[in-house]
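Understanding the architecture of this molecule
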Amino acid sequence: MAAMLTMTKEGWCLKTHRGSKFNKRSERRYFKLEGFNVAYFKKDTLADRTGKFDLRKVTEISACAGEDSDADLVLVLPGKRICVKFEADAEAWKTLMCSAAAQSAVAADLQAYHSEELHAAFSGTYAAQKGVSSASVLKYTSGASFLTSPRAETPKATAPKPAPAPEAVAPAARSLAPKSRDVEPEAVATTAAAEYATEAPAASPIPAEEAPAAPAASPRKEKKSPRKSKTKAAPAPAPEPAPVSSAASDEELEANRKEWYNFAMENKDLQMAKELYVGHEEEARVKALEAEAATGCAAAGDAELEAARVEWLEFHVKAGEYEDALQMCVDDKDYALVHDAQEANRGEWLAHSLASEDVYSAGNYAVTEEELAAVEDLKIKKELKAGNYGKAKKLAKTPAQHELVDASEEAARKVWLDYHTQAGEFKEAGKYTVSDGEAAALKAAEAAYHESERATTLEAALAAGKYEQAKKLASGEAELAQLDAKREADRKEWFNYSMDTGDFKNCYVYAISEEEEAAVKAAEEAYPEKCRVEWLTFYLAESDWKHARDLCVTEAEYADVDAKQAAQRKANIAAAKEAGDFKKAAKLAEADDEKDDVAQAEEAHTEKSRQDWLSYYIEVSDYSKAVGMCITPEEEAGVDEKFEAKRVAYVAEMCKQGKFHVAKQYALNEEEIAKCDEHEEAQQEASRLEWFDFYLSECKFDKAGELACTTEEFARVGAEESSFNEKCRLEWLSHHTAKGDYESALGLVVSSEEQDELKSTMETYRVEHLKYYMEIKDYAKAKSTACTKEELAAIDEVAPPKTRWFGLF
């Protein structure tokens, strides 16, 4: 079974909804299994993914029971439980999921679905597959495509392409120099600040855009001499100490010694250079380096020390580390610099504390009389801001401070007086008056407030129809006249409303004159007729002819009802015919001409339906039903003619598609069968020639030979194969020659001219390598490359004497 199944599958399934029981609620989702990953979507286009899980994380797979009995499988994962029912191929789904999961997770009743072979295939093919994460979406993979033409296959050529020959390169750059030969190389620090970097404290409380910038790094962790903290250029890359075997040659030891010696000289490491030098030339270079160090160091020492002291002094000042800065001072100028910086920093903190109203900090930073006075002013302002005028008065000492307290208290009194006045709290506002003018203004404001309230209440009472309350609130003839006019307008409005609704009892209540009473009486007498006409109109609109006829009292009304009923009946007949409901139309028809019209329409509809079905059966090639719909010999002949044309066209189409066995099934005579055979033979020959040309173009000469039929084709295969072999020989000869593989290249030579050319090329390569080894002073390899006495003598002239050098590594 494992061999028959792939490790990917898609299809519709039913699953539980958010952990609920399957029999109670399930949802339909499109599942996609690809390796160990399973994802499910709302649509089969793989859009709107709603969930996913990894079969490697399944802790249990079992059959469903109880309230999940309708499902096929239940899968338990960490923090997740899913019941699934497969709409199709349930056996294949079970085999894939049970085989992908660990065998220990599969229940005993499902062990038959766990295939060890398929499990091994999953583990081998998808071993590196990542689990499905919340941000990932499985990509859609289209179905397999089928090979229909040899052009769809693109096999590679059998001849290997020769790789380019490797080029000789100089030794690669290694890590930086070691401090000693017994340890691995380490990076050399370029500056003291970078070596002892730490975060400097803030030097100012003001915002970042205004505060002076702190130094990028502080060297306070470890004090070093100025000479060691001085910036030093990074040395050139040093060779990496490669492990040297006990069988290392003298040439390799010498090359390694010289490489380390050059490194020590470049970085002025005198001790290492003394240990490594060999010969008079290298000894002279070491002595020159030693003399340079002895003469230049003492002269430059004091200047470097002073420069370092000044640098440390400036750093501590900028960082606000004044105690450390004082330790770096040596004269009055230095002490003045530290004092000025410290005083400026104190001033900044004082200004910051005053701006943020931090009385305690400001008092600590204040020193001068002006600064102490500013702190006292700040205390008073804070008390005034909190409304503590008593405390502020106790703190005030100077006339200016007393004036500030009095002005603040007076301003607050006026604010509260205005507030209570605007809120209508005149009793509270009276507590804040201090003069007769303020008392008179408050009394006038109170009178205006009460008058405004009376006018507003009167207007509201009139709008609500509360005439007694409005009468009590009215003041003056104008307001009383307004009250009377509003009451009369409301009476007339209610009188007219009662007349319109037929409430004549209330009409008599609201009527106050003989004319109004006469109008009520006349309306009361005319009201039944008005109601009859309104109901008659309503029944006609609703097509309720019985009730409409019951309300008619004149011949004209009866005639109008009959005419509208007849028009409605004809409209219903037309609608029934349009819908094909001729039974209903015949039931509605009353006159003979109406019945004849319905019968003719039904016959026309039946004939049209027969013609439509006849055309449909011809289109879908249902011959028996098409003939069954015919009613004349001419129609049957037409059906036969159309079906014959469809058969002939189908035979031709099957031949065109290469389905000759199907075409022969529909052929009715020997002539048609012969034509099918001719098409089949022509297509086979064309296919043979196409494959023959394809195998030749791909250099598959054995398969091309199997398809060859004529002498010319066999000759063509032989010529193509010989040409291809010669081309491959020349390519491999060129490859081995460029690579310097003389033996392999010589095995491909077939003429004396090619052999002479090969020897010339190899000699050129040898001379180039000899020149390269001499340039890099690798005399051991140079000697192995030399062939003549002259070349060996030239190497001995420049090569140093061999020296045994032990203990280097």
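Computed from a predicted model, the values in this text were never measured in an experiment. All residue numbers refer to position in the chain's written sequence, counted from 1. With pLDDT at 70 or above as the cut-off, local features in this predicted model cover only qualifying residues; side-chain atom pairs require 80 or more to be listed or tallied, and sums for whole chains, interfaces and linings still use all residues. Based on all heavy atoms of the structure, the side-chain values leave hydrogens and waters out of the count.

1. Things to note about the overall build of the chain
How we decide: The way it works is that DSSP assigns letters per residue, a run of H or I at least four long becomes a helix, a run of E at least two long becomes a strand, and they are numbered from the N terminus. Contacts are assigned to residue pairs with any non-hydrogen atoms lying within 4.5 Å of each other. Reported accessibility uses the Shrake-Rupley method at a 1.4 Å probe radius. Residues are deemed covered only where the shown protein chains occlude them.
In terms of helices and strands, the chain carries 33 helices and seven strands. Residue pairs in contact within the chain that sit at least 24 positions apart in sequence constitute 39% of those at least 6 positions apart. Surface summary for the chain: the accessible area is close to 52,500 Å², and the carbon and sulfur share equals 54%.

2. As for helix α11 (residues 369–385)
This is how it is decided: Expected helix span is given by 1.5 Å per residue-to-residue step, counting one fewer step than there are residues. For every residue, the accessible area (1.4 Å probe, protein chains only) is compared with the maximum for its type, and the residue is labelled buried under 20%, exposed over 50%, or partly exposed between those bounds.
Compared with an ideal rise of 1.5 Å per residue, which puts 17 residues at 24 Å, α11 spans 24 Å between its outermost C-alpha atoms and is within 8% of the ideal. Looking only at α11, the buried set comprises Glu 371, Val 375, Leu 378, Ile 380 and Leu 384. Buried residues in α11 make contact with α9 (332–355), α10 (359–365), α12 (389–395) and α13 (399–422). A positive backbone phi angle near 85 degrees is found at Gly 387, which sits one or two residues after α11.

3. Here we look at the pairing of strand β7 (residues 80–86)
Short version of the rule: Two strands form a pair only when DSSP identifies at least two bridges running between them.
The pairing of strand β1 (residues 8–16) with β7 spans three bridges and is antiparallel. Looking at the pairing, Cys 13 lines up with Phe 86 of β7. As defined by bridge partners, strand β6 (residues 73–77) adjoins β7 across five bridges and the pair is classed as antiparallel. Across the sheet, the residue bridging to Leu 73 is Val 84, located in β7. Here β6 folds back onto β7 in antiparallel fashion, the turn holding two residues, of which Gly 79 has a positive phi close to 75 degrees.

4. Section: the packing of α9 against α11
Put simply, the rule is: Structural elements are reduced to axes, namely lines fitted to C-alpha atoms, with helices fitted over the stretch in contact, and the angle between N-to-C directions of any two is expressed from 0 to 180 degrees. An angle below 35 degrees is read as roughly parallel, one above 145 as roughly antiparallel, one from 65 to 115 as roughly perpendicular, and any other as oblique. Crossings are sorted by hand: turned counterclockwise from the far helix by less than a right angle, the near helix makes the crossing left-handed, and turned clockwise it makes it right-handed. Only Asp, Glu, Lys and Arg are considered charged in this grouping, and only Ala, Val, Leu, Ile, Met, Phe, Trp, Tyr, Cys and Pro are considered nonpolar; every other residue, Gly among them, is considered polar.
Interhelical geometry of α9 versus α11 gives an angle of 15 degrees and a closest axis separation of 11 Å. With respect to α11, the axis of α9 lies roughly parallel. The hand of the α9/α11 crossing is left-handed. Residues Arg 346, Leu 350, Ser 353 and Leu 354 of α9 touch α11, and the partners they reach there are Glu 371, Ala 374, Val 375 and Leu 378. Looking at side-chain class alone, the contact of α9 with α11 contains five nonpolar, one polar and two charged residues.

5. Things to note about the side chain of Arg 309
So the rule is basically this: Pairs of N or O atoms are called polar contacts if they sit within 3.5 Å, as long as, within protein, a hydrogen donor faces a hydrogen acceptor (for residues adjacent in sequence, only side-chain-to-side-chain pairs).
Mapping Arg 309 onto the fold places it in helix α7 (residues 279–319). On the accessibility criterion, Arg 309 (14% relative accessible area) is buried. One polar contact links Arg 309 to Glu 306, side chain to side chain, over a distance of 2.7 Å.

6. Looking at the packing of aromatic side chains
Keep this limit in mind: For Phe, Tyr and Trp, rings pair up if their centres lie within 6.5 Å, where Trp contributes its six-membered ring, and each pair is then called stacked (planes under 30 degrees apart), edge-to-face (over 60) or tilted (otherwise).
In this structure the tally under the stated criterion is 27 aromatic pairs. A ring pair is formed by Tyr 40 and Phe 53, whose centres lie 6.5 Å apart and whose planes are at 45 degrees; its orientation type is tilted. Remark: Phe 53 occurs in strand β4 (residues 49–54) and Tyr 40 occurs in strand β3 (residues 37–41); sequence separation between them is 13 residues. Both residues of the pair, Tyr 40 and Phe 53, count as buried. Relative to Phe 694, the ring of Trp 691 lies with its centre 5.6 Å away and its plane at 90 degrees, an arrangement referred to as edge-to-face.

7. Some words on the pattern of salt bridges
Applicable threshold: In the sections that follow, a salt bridge refers to a side-chain nitrogen of Lys or Arg positioned within 4 Å of a carboxyl oxygen of Asp or Glu.
Tallied over the entire structure, the rule returns 50 salt bridges. Residues Glu 685 and Arg 688 are paired through a salt bridge, measuring 2.8 Å at the closest nitrogen-oxygen approach. One end of the pair is Glu 685 and the other is Arg 688, both in helix α27 (residues 670–697) and three residues apart, which spans about a single turn. The exposure class of Arg 688 is buried, given its relative accessible area of 14%.

8. As for the environment of Ile 573
As for its placement among the helices and strands, Ile 573 is situated in helix α21 (residues 555–578). For Ile 573, a relative accessible area of 6% corresponds to the buried category. Residues Ile 573 and Val 598, spaced 25 residues apart in sequence, show a C-alpha to C-alpha distance of 8.3 Å. Filtering out sequence-adjacent residues up to four positions away, Ile 573 remains in contact with Ala 585, Leu 588, Ala 589, Glu 594 and Val 598.

9. A few points about the nonpolar core
To keep it simple, the criterion reads: Within this scheme, the nonpolar core is defined by two criteria: the residues are buried Ala, Val, Leu, Ile, Met, Phe, Trp, Tyr or Cys, and they are joined through side-chain atoms within 4.5 Å.
Of all hydrophobic cores here, the largest spans 29 residues; its most connected members are Phe 31, Phe 53, Leu 55, Ile 61, Leu 75, Met 97 and Phe 122. Those elements that place two or more of their residues in this core are β2 (26–34), β3, β6, β7, α1 (90–100) and α2 (116–125). Among the elements that make up this core, the one with the highest residue count is α1 (five residues). Residues in contact with Met 97, not counting those within four places in the same chain, are Leu 33, Val 38, Leu 55, Ile 61, Leu 73, Leu 75 and Phe 86. Tyr 695, Ala 704, Phe 724 and Cys 728 belong to the second-largest nonpolar core, a separate cluster that totals 11 residues.

10. Here's the deal with the sheet that holds strand β5 (residues 60–62)
Here seven strands make up an open sheet; going across it, the order is β4-β3-β2-β1-β7-β6-β5 and the pairing antiparallel. Here the strands that pair on one side only, and so sit at the sheet edges, are β4 and β5. The sheet shows a mean angle of 30 degrees between the axes of neighbouring strands, taken without regard to direction. Sheet contacts for α1: β1, β2, β3, β5, β6 and β7; angle to β1, the most-contacted strand, approximately 100 degrees.

11. Section: helix α17 (residues 477–501)
In this model α17 runs 37 Å from its N-terminal to its C-terminal C-alpha over 25 residues, within 8% of the 36 Å that 1.5 Å per residue would give. Buried within α17 we find Glu 479, Leu 483, Asp 490, Arg 491, Phe 495, Ser 498 and Met 499. Downstream of α17 by a residue or two, Gly 502 has a phi angle that is positive, lying close to 80 degrees.

12. Describing the side chain of Arg 257
Checked against the element boundaries, Arg 257 lands in helix α5 (residues 250–266). Take Arg 257: its relative accessible area is 2%, and that puts it in the buried class. At 2.9 Å, the side chain of Arg 257 forms a polar contact with the side chain of Glu 254. A distance of 3.2 Å separates a polar atom in the side chain of Arg 257 from a polar atom in the side chain of Glu 282.

13. Description of the environment of Cys 552
For Cys 552, the location among the structural elements is in the loop between α20 (545–550) and α21. In contact with Cys 552, other than residues within four places in its own chain, are Arg 532, Leu 536, Glu 557, Tyr 558 and Val 561.

14. Examining the packing of helix α23 (residues 592–619) against helix α25 (residues 633–657)
At their nearest, the axes of α23 and α25 sit 10 Å apart, and the two run at 25 degrees to each other. When the interaxial angle is binned, α23 and α25 end up roughly parallel. With respect to the hand of their crossing, α23 and α25 are arranged in right-handed fashion. Along the contact surface, α23 presents Arg 610, Gln 611, Leu 614, Tyr 617, Ile 618 and Glu 619, while α25 presents Glu 635, Val 639, Lys 642, Phe 643 and Lys 646.

15. Re unusual backbone geometry
Even without glycine at this site, Lys 268 takes up a positive phi of about 55 degrees. Looking at the element boundaries, Lys 268 is found in the loop between α5 and α6 (270–276). Phi at Glu 357 takes a positive value of approximately 60 degrees, unusual for a residue other than glycine. Tracing the sequence through the fold places Glu 357 in the loop between α9 and α10.

16. Digging into the environment of Val 639
Counting through the fold element by element, Val 639 comes out in helix α25. The exposure class assigned to Val 639 is buried, which follows from its relative accessible area of 2%. Val 639 sits 24 residues away from Ser 615 along the chain, and the two C-alpha atoms are 9.4 Å apart. Not counting residues up to four positions away in its chain, the partners in contact with Val 639 are Leu 614, Ile 618, Tyr 623, Ala 626, Val 627 and Cys 630.

17. What about the confidence of the model for the chain?
Put simply, the rule reads: Residue-level confidence of the predictor is what pLDDT reports, using numbers from 0 through 100.
Looking at the chain, pLDDT values average 80 and 82% of them are 70 or higher. Mean pLDDT across the elements of the chain bottoms out in helix α3 (residues 192–195) (34) and peaks in β3 (93). Counting interchain partners and residues more than four positions distant, the pLDDT-below-50 stretch residues 133–246 has 161 contacts. Considering only residues more than four positions removed or in separate chains, one finds that residues 803–809, a stretch of pLDDT under 50, has 14 contacts.

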